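Each chain, letter by letter, is given below.
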Amino acid sequence: MTNTAVLLINCPDRKGLVAGVSGLLYRYGANIAHADQHQDDEAGLFFMRVEWWLDGFDLRAFRAEFEAVAAELQMQWQLKVMSEVPRVALFVSQHLHCLADILHRQQAGELHCEIPLVIGNHCKAEPLAKFYGVEFRQIPVTPETKNAAEEQQIGLLKASGIDLIVLARYMQILSPEFVSQYPRRIINVHHSFLPAFMGAKPYHAAFRRGVKLIGATSHYVTAALDDGPIIEQDVLRVSHRDQVETLIEKGRDIERSVLSRAVKWHLDHRILAYGNKTVVFD
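What counts, and where the lines are drawn
- Residues numbered from 1 in each chain as written.
- Predicted model: local features only at pLDDT ≥ 70, side-chain atom pairs only at ≥ 80, totals over all residues.
- Heavy atoms only, no water.
- Pairing = 2+ DSSP bridges.
- Helix = DSSP H or I, 4+ residues; strand = E, 2+ residues; numbered from the N terminus.
- Axes fitted to C-alpha atoms, helices over the stretch in contact; angles between N-to-C directions.
- Contact = heavy atoms within 4.5 Å.
- Phe/Tyr/Trp six-rings, centres within 6.5 Å; stacked < 30°, edge-to-face > 60°.
- Buried < 20%, exposed > 50% of the residue type's maximum accessible area, 1.4 Å probe, protein only.
- Core = buried A, V, L, I, M, F, W, Y, C linked by side-chain atoms within 4.5 Å.

> How would you summarise the pairing of strand 2 (residues 31-40) if you had to cite specific residues and measurements?
Bridge analysis of strand 2 against strand 3 (residues 45-53) gives nine bridges, and the strand direction is antiparallel. In the sheet register, aspartate 36 faces strand 3, and the bridge partner there is arginine 49.

> Could you give an account of the sheet that holds strand 8 (residues 164-167), with specific residues and numbers?
The seven strands are arranged 7-6-5-8-9-10-11 in an open sheet whose pairing can be described as mixed. Every interior strand has two partners, whereas the edge strands, strand 7 (135-138) and strand 11 (230-237), have only one. Looking at each pair of strands side by side, their axes are set apart by 15° on average, direction ignored. Bridging between strand 9 (residues 186-190) and strand 10 (residues 213-220) involves four bridges; their strand directions are antiparallel. In the strand pairing of strand 10, valine 189 is matched with serine 218. Contacting strand 5 (87-92), strand 6 (114-120) and strand 9, helix 3 (residues 97-107) crosses the sheet at an angle of about 165° to strand 6.

> Could you give me a rundown of the sheet that holds strand 1 (residues 4-12), with the residues and numbers involved?
One open sheet accounts for four strands, arranged 2-3-1-4; its pairing is antiparallel. With partners counted over all chains shown, the strands left at the sheet margins are strand 2 and strand 4 (76-81), one partner each. Ignoring which end each strand starts from, the neighbouring axes of this sheet average 10° apart. Packed on one face of the sheet, helix 1 (residues 17-27) meets strand 1, strand 2 and strand 3 and runs near 20° to strand 3. Lying over the sheet, helix 2 (residues 59-72) contacts strand 1, strand 3 and strand 4, oriented at roughly 170° with respect to strand 4.

> Could you give me a rundown of the packing of aromatic side chains, with the residues and numbers involved?
Under the definition given, this model contains 12 aromatic pairs. Between the aromatic rings of tyrosine 28 and phenylalanine 57, the centroid separation amounts to 6.1 Å while the plane-to-plane angle is 50°, which identifies the pairing as tilted. Residue tyrosine 28 is located in the loop between helix 1 and strand 2, and its partner phenylalanine 57 is located in the loop between strand 3 and helix 2; the two are separated by 29 residues in the primary sequence. Looking at tyrosine 28, the relative accessible area reads 23%, which means it is partly exposed.

> Give me the environment of leucine 59: which residues, what numbers.
Mapped onto the elements of the fold, leucine 59 is located in helix 2. We classify leucine 59 as buried; its relative accessible area is 19%. For leucine 59, the residues in contact, after removing those within four places along its chain, are Ala5, Trp52, Leu54, Leu79 and Val81.

> For the nonpolar core, give the residues involved together with the corresponding values.
The biggest cluster of nonpolar side chains holds 29 residues, and the ones touching the most others in it are Leu90, Leu99, Leu259 and Val263. Among the secondary structure elements, those contributing two or more residues to this core are strand 5, helix 3, strand 6, helix 4 (126-131), strand 8, strand 9 and helix 8 (244-267). When sequence neighbours within four positions are dropped, the list of residues in contact with valine 263 reads Ile102, Leu111, Leu164, Val166 and Ile187. The next biggest cluster of nonpolar side chains, apart from the first, holds 23 residues, and it includes Leu25, Phe46, Met48 and Trp52.

Printed below as a string of structure tokens:
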């Protein structure tokens, strides 16, 4: 935990944006700890992340003046305080490797969050959640009970004050109504290098295709299946000797690392999503 603030900016590109933002921060006496920016020339957009120390800094006065500047420059912006700890809920089915990795990293202090809740549509994850002192709630999901199950899930999320949902190999499709309540606040890991092999059983599809690389993708969830803005991806070389079972075994390591990096970057306020793409700041 650091006593810093983070400003994320997305706006039409023009000259002087970096100087304007940094100059305003300088007038308020900010000590900048990190700054990064990016231009999408094709879209004509500018993106910036700046982080500064809050010691002796008048955040309220800065916010009030920056609002006027942002309106004039057509900025979409977020101002985050790093001392505020996000609350994360994990959704899981029967594969526990991603769940175990996230819980361990959070307990080890690698992830800047609290995890008060694990929701599973099976009971297999309950002992692991209890080992880490996290409440586990089993909510079975069938085609007939899907709407009622999601209503129950949303009730638990709101009662726990959840800021981010992580689908740690949760093998259910969330409804558009569910997703709309947490825009850009649901992160999924898909066990394929998207856009290849969307949907169910991607390792089986990859095996049938005879691929030489397998991968995993972490992305924000949207109403379109496995089509949200991609945050992180990685690949691993395989060969004709690998069967479906070995592809699945080897893929677990990629899934864990890809998901944990995406979650960390979100919690550290390093991601800006626009359209169906993301900027991930250093």
